Amino acid sequence: MLHDLIIIGAGPAGLTAGIYARTRKLSTLIIEATTAGGQLASLYPEKSIENWPGYVSTDAGHLSSNLIDHARTMGCEIREHERASGLDDKNDHLVVHTDKGSYEAKAVILATGMGLFKPKKIGAIGEDKFEGKGVYYKMPEMEYLVGKEVIFVGGGNSACEMALLACEKCDACIVHRREAFRADEVIVERVHNADIETMMNSQVVEIKGTDHVESVVLKQDGKLIERKADAVVVNIGTSNVADDMSKWGLELEEGLIKVDTDMCTSRRGVFACGDAVAYKGKYKQIVVACGEAAIASNSAYKFIKEPYWAK
Ligand code: NAP
């Protein structure tokens, strides 16, 4: 069967691209390596989101399930637990290969998000030894945190939001290497108003323990300080796994897919949107990913249908 459009990735960008494609009646298949919803659903669904326009506050789980329902109701077919592995040209069409088969389409949108990105490590002594035994790179279960002393490393939105989520269950301390946070001002204000300790100009240089994390050694203004800690949650950004994106045969920029303002990639009939793409001014926000998805979908429609108004 020849689909009009195949979208790879069912996070906010992929689902939004699907919703827009269906308003144009494009037959649309969305392929997702894990479960639909993307990072919103998988990282911490209970996280509140306060910059999704029209909702003063919603939460990640709600937003992602609404997006999934919306895409399905519009007529997108979503195949979960199927990993796309490559893309070939066949006559005028594209063939998407997955671990379960091959599918043909007139156009493809890549919305693979962070894809095979891995969390950055702080490089502290003991960090590797205690990974999974007190050192985490995503939010641990809330029950695990109850009553514990937890160090959150990082100064961006992710570290601050995780500390805010956890601070009612545990003793939370944010350790950031600079004098000021990088996170949005409203989030920083909330951190300062919450029961969260902040240690600025500080870095975790060693993580100690026997079977599990028991303490951390911090370097603050050149001085070493050891303090008790039951867990260290690291949120200092991500780096991409080399070659993950190269399988698509596209021009890349620092490991991400290079797109123009129409969300066209370097390959005919292939468009991209969301966290997988790079361009000047890129701002990693859900609303931006969804905006890019609308553009990618419109560009795919123009490519497939060649409407009179796009000539
Ligand atoms: P981020 O904004 O890149 O922040 C990473 C933080 O880690 C920075 O403060 C950085 O310090 C620090 N850091 C980096 N390397 C370090 C190291 N080796 N040792 C110690 N600290 C280190 O990452 P993020 O917080 O994951 O956010 C990623 C993107 O997603 C951002 O654009 C963010 O706005 C967005 N996001 C948005 C929301 C929201 O809108 N609610 C929520 C989460 C994420 P420096 O500041 O010194 O470089």
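Residues numbered from 1 in each chain as written. Predicted model: local features only at pLDDT ≥ 70, side-chain atom pairs only at ≥ 80, totals over all residues. Heavy atoms only, no water.

(A) Main features of the overall build of the protein chain. Of the regular secondary structure elements, the protein chain holds seven helices and 22 strands. Projected onto the principal axes, the alpha-carbon positions of the protein chain cover approximately 65 × 40 × 35 Å. Counting across all 311 residues of the protein chain, residues that qualify as buried make up 48%. Contacts in the protein chain between residues far apart in sequence, at least 24 positions, make up 56% of those at least 6 positions apart. Of the side-chain charges in the protein chain, 37 are positive and 45 negative, and the distance between the mean point of each set is 4 Å. (Helix = DSSP H or I, 4+ residues; strand = E, 2+ residues; numbered from the N terminus. Buried < 20%, exposed > 50% of the residue type's maximum accessible area, 1.4 Å probe, protein only. Contact = heavy atoms within 4.5 Å. Lys, Arg positive; Asp, Glu negative; His and termini not counted. Charge placed at Lys NZ, Arg CZ, Asp CG, Glu CD.)

(B) Layout of the pairing of strand 13 (residues 196-199). In the sheet, strand 12 (residues 171-175) pairs with strand 13 via four bridges, with the strands oriented parallel. Looking at strand 13, one finds that I174 is bridged to T198. Viewed along the sheet, the connection from strand 12 through helix 6 (residues 185-193) into strand 13 turns out right-handed. (Pairing = 2+ DSSP bridges. Right-handed = clockwise from strand over helix to strand, strands pointing away.)

(C) Looking closely at the side chain of N235. The topology assignment puts N235 in the loop between strand 17 (231-234) and strand 18 (238-240). Among the residues examined, N235 registers a relative accessible area of 15% and is labelled buried.

(D) Representation of the pattern of salt bridges in the model. Tallied over the full model, the rule gives 15 salt bridges. Between K106 and D4 there is a salt bridge, with the nearest N and O atoms lying 3.1 Å from each other. Placement of K106 in strand 8 (residues 102-110) and of D4 in strand 1 (residues 2-8) is noted, with a sequence separation of 102 residues between them. The class of D4 is buried, set by a relative accessible area of 8%. The closest approach of N and O atoms between E292 and K282, which form a salt bridge, is 2.9 Å. With E292 in helix 7 (residues 286-305) and K282 in the loop between strand 22 (277-278) and helix 7, the pair connects residues that are 10 residues apart, well separated along the chain. (Salt bridge = Lys/Arg side-chain N within 4 Å of Asp/Glu carboxyl O.)

(E) Summary view of the site of the ligand. The immediate surroundings of the ligand are formed by 17 residues, with N51, S158, R177, R178 and R182 found nearest. R177 has a polar side-chain atom sitting 2.9 Å from an oxygen atom of the ligand. Between the ligand and the protein, one listed contact pairs an oxygen atom with a side-chain N or O atom of Q285 at 3.2 Å. Burial of the ligand by the protein amounts to 79% of the accessible area it has alone, namely 910 Å². At three residues, helix 5 (residues 157-166) tops the list of elements feeding residues into the shell around the ligand. Of the residues that constitute the shell around the ligand, the class distribution is two nonpolar, nine polar and six charged. (Near = heavy atom within 4 Å. Polar contact = N/O pair within 3.5 Å; in protein donor to acceptor, adjacent residues only side chain to side chain. Areas by Shrake-Rupley, 256 points an atom, 1.4 Å probe, with all protein chains shown as cover. Nonpolar A, V, L, I, M, F, W, Y, C, P; charged D, E, K, R; others polar.)

(F) How the structure looks around the environment of M245. Relative to the elements of secondary structure, M245 occurs in the loop between strand 18 and strand 19 (252-253). With relative accessibility at 2%, the residue M245 sits in the buried group. Placed 35 residues apart in sequence, M245 and K280 show a C-alpha to C-alpha distance of 19 Å.

(G) Region of interest: the sheet that holds strand 22. Read across the open sheet, the three strands follow the order 19-20-22; overall the sheet is mixed. Two strands bound the open sheet, and with one partner strand each, they are strand 19 and strand 22.

(H) Broad picture of the packing of aromatic side chains. With the rule as written, the count across this model stands at three aromatic pairs. Between the aromatic rings of Y136 and Y144, the centroid separation amounts to 5.4 Å while the plane-to-plane angle is 80°, which identifies the pairing as edge-to-face. Owing to a relative accessible area of 22%, Y144 belongs among the partly exposed residues under this scheme. Relative to W309, the ring of Y301 has its centre 6.1 Å away and its plane inclined at 20°; by these criteria the two rings are stacked. When its relative accessible area of 38% is taken as the criterion, W309 is described as partly exposed. For the cation-ring pair, K148 lies above Y144, with the distance from its terminal atom to the ring centre recorded as 4.2 Å. (Phe/Tyr/Trp six-rings, centres within 6.5 Å; stacked < 30°, edge-to-face > 60°. Lys NZ or Arg CZ within 6 Å of the ring centre and 35° of its normal.)

(I) Representation of the packing of helix 1 (residues 12-23) against helix 7. In contact at an axis separation of 8 Å, helix 1 and helix 7 are set at 40° when each is read in the N-to-C sense. Considering the relative orientation of helix 1 and helix 7, their crossing is right-handed. For the pair formed by helix 1 and helix 7, the contact residues are P12, A13, T16, A17, Y20 and A21 on the first element and I286, A289, C290, A293, A294 and S297 on the second. Partitioning the contact of helix 1 with helix 7 into residue classes produces 10 nonpolar, two polar and no charged. (Axes fitted to C-alpha atoms, helices over the stretch in contact; angles between N-to-C directions. Left-handed = near helix turned anticlockwise from the far one by under 90°.)

(J) Here's a closer look at the environment of L250. When you line up the elements, L250 lands in the loop between strand 18 and strand 19. Taking C-alpha positions, L250 is 48 Å from R227, a pair spaced 23 residues apart along the chain. In this structure, L250 is in contact with L110, I257, T265, S266, R267 and V270, ignoring residues within four places of it in sequence.

(K) Up close: the nonpolar core. One finds I6, I109, L110 and I257 to be the most contacted residues of the largest nonpolar core, which totals 55 residues. Looking at this core, the element that brings in the most residues is helix 7, giving seven residues. Beyond its immediate chain neighbours, meaning those up to four positions away, L110 contacts I8, W248, L250, I257, V270, F271, A272 and C273. Within the second largest apolar cluster, 25 residues are counted, among which are A183, I187, V191 and V233. (Core = buried A, V, L, I, M, F, W, Y, C linked by side-chain atoms within 4.5 Å.)

By themselves, these observations are geometric and do not establish any function.
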